[in-house]
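# Reading the structure
Listed below are the residues making up each chain.
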Amino acid sequence: MREEIPLSAPWLGEREEELALEALRSGWLSLGPMLDRFERALAEQVGARYVAAVSSGTAGLHLAVRLAGVDSGDEVVTTPFSFVASANCVLYEGATPVFVDVDPRTLNLDPSAVEAAITEKTRAVLAVDIFGYPAELDALQGFADEHGLALIEDACEALGAEYRGRRVGSFGHPAVFAFYPNKQMTTGEGGAVVVSGEEEWELLKSLSNQGRIDSGEWLTHGHLGFNYRLDELSAAVGLAQLERLDEILERRSAVAARYAELLGELDGVELPAPDDDDHVRSWFVYVVLLDEAHDRDKVMARLAEAGVASKPYLPCIHLQPYWRERFGTSEGMFPVAESASRRSLALPFHTRLTGGDQERVAEAVARALR
């Protein structure tokens, strides 16, 4: 039996080892110079003024929600078609995520649905750049400005994406990136929040470090904070990854283009939305939508038999067991998101996926659909 083609794989090399060793030999394992270097390099890469690196994308989202002043009794309009962290971070602050349906082409928030969901309790809009495709930031910022709301961007899957000619993260509102091993680049675990103001950045740095403040005194805490620090070894790996991020993005784009060629003629398979004048995707995963006539579970089982990994991507948040129990949600509430969730299929995708493996994946998908 041939070796299984995995769903994802990080691209690590000698430079990561070199910088990690430099961090070890420095004697700094936390709150040291490598973290500062990583934050500055990331800010330059995305065109942001300030970057606060944190221990995960989820930690970053939580801090962004806290930064927006979201509190108990507030509502945050967001998407049900996402990884659960984008809604959990609202629950952490005692607020209520208000889901609205998604656009059937992009699978991002439908702006018209967002506007209709805004009430006097709404405090923020949390947009997700799903699968690396930028959300409709201008429209969402317009609603936020009109109603005095915060706009938070979950760009955890979208490092390097562009909206109307500018990199995601450069628009001024808080945006959050994540660096889990299946992302475009990795720090092992880790994330970052980008903001436009120094005061916001200082608050983020304090909140991520147990609420400590720079008063010149040891262990002085000015805020209720969290242990969301990014360590020096993770920052070192991230810095090495950033040095070749452009190459990583180019390679992943080429892998996606090859998949489009191989899968484009298959009946019953809808490919990811292509780029246009306003949107340039950063390729995080390669997710196709199967026609309703196909049994996705059977397709996945056949792919597994052929040594090809695959996953449903993503289950809707409002249909997660804990969500049903807490909020009484059920099928039929968000038909577009639910349809995408039922039909979604993530195929093997990573920076160094070979053409031969892609051909093998495409052949296996074709056989599985037959």
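The coordinates are above.
The structure contained in this document is the topic of the report that follows. (Residues numbered from 1 in each chain as written. Predicted model: local features only at pLDDT ≥ 70, side-chain atom pairs only at ≥ 80, totals over all residues. Heavy atoms only, no water.)

### Some remarks on the pairing of strand 13 (residues 344-347)
Heads up, the condition is: Relative accessibility decides the category of a residue: with a 1.4 Å probe and only protein chains considered, values under 20% of the type maximum give buried, values over 50% give exposed, and everything between is partly exposed. Helix numbering and strand numbering both begin at the N terminus, where a helix is a DSSP run of H or I of at least 4 residues and a strand a DSSP run of E of at least 2. Only strands joined by at least two bridges in the DSSP assignment are considered to pair.
Side chains Ser-344 and Ala-346 project from strand 13 onto one buried face, and the interleaved Leu-345 and Leu-347 project onto a second face that is buried too. Of the strand pairs in this sheet, strand 12 (residues 286-290) and strand 13 are connected by four bridges, and their pairing is antiparallel. Of the residues in strand 13, the one forming a bridge with Leu-289 is Ser-344.

### Here's the deal with the packing of helix 3 (residues 57-67) against helix 7 (residues 198-207)
How we decide: In this analysis an axis means a line fitted to C-alpha atoms, helices contributing only their contacting stretch, and an angle means the value between N-to-C directions, from 0 to 180 degrees. Any angle between 65 and 115 degrees counts as roughly perpendicular, while under 35 counts as roughly parallel, over 145 as roughly antiparallel, and the rest as oblique. Handedness of each helix crossing follows the sense of rotation of the near helix against the far helix: counterclockwise by less than a right angle gives left-handed, clockwise gives right-handed. Residue contacts follow a heavy-atom distance rule, with two residues in contact if any of their heavy atoms lie within 4.5 Å. Classes in brief: Ala, Val, Leu, Ile, Met, Phe, Trp, Tyr, Cys and Pro nonpolar; Asp, Glu, Lys and Arg charged; the others, Gly included, polar.
Interaxial distance between helix 3 and helix 7 falls to 11 Å at its minimum, and their mutual angle equals 125°. It follows that helix 3 is oblique to helix 7 by the angle criterion. Considering only the axes of helix 3 and helix 7, their crossing is right-handed. For the pair helix 3 and helix 7, the contacting residues are Leu-63, Arg-66 and Leu-67 in the first and Glu-200, Leu-203, Leu-204 and Leu-207 in the second. Looking at side-chain class alone, the contact of helix 3 with helix 7 contains five nonpolar, no polar and two charged residues.

### Some details on unusual backbone geometry
Residue Leu-314 follows Tyr-313 across a cis peptide bond; omega there is 15°. Considering the arrangement of structural elements, one finds Leu-314 in the loop between helix 10 (296-305) and helix 11 (321-327). Phi angles above zero are rare outside glycine, and Leu-107 is one such case at about 70°. Of note, Leu-107 is situated in the loop between strand 3 (96-99) and helix 5 (111-117). Looking at Leu-107, the relative accessible area reads 9%, which means it is buried.

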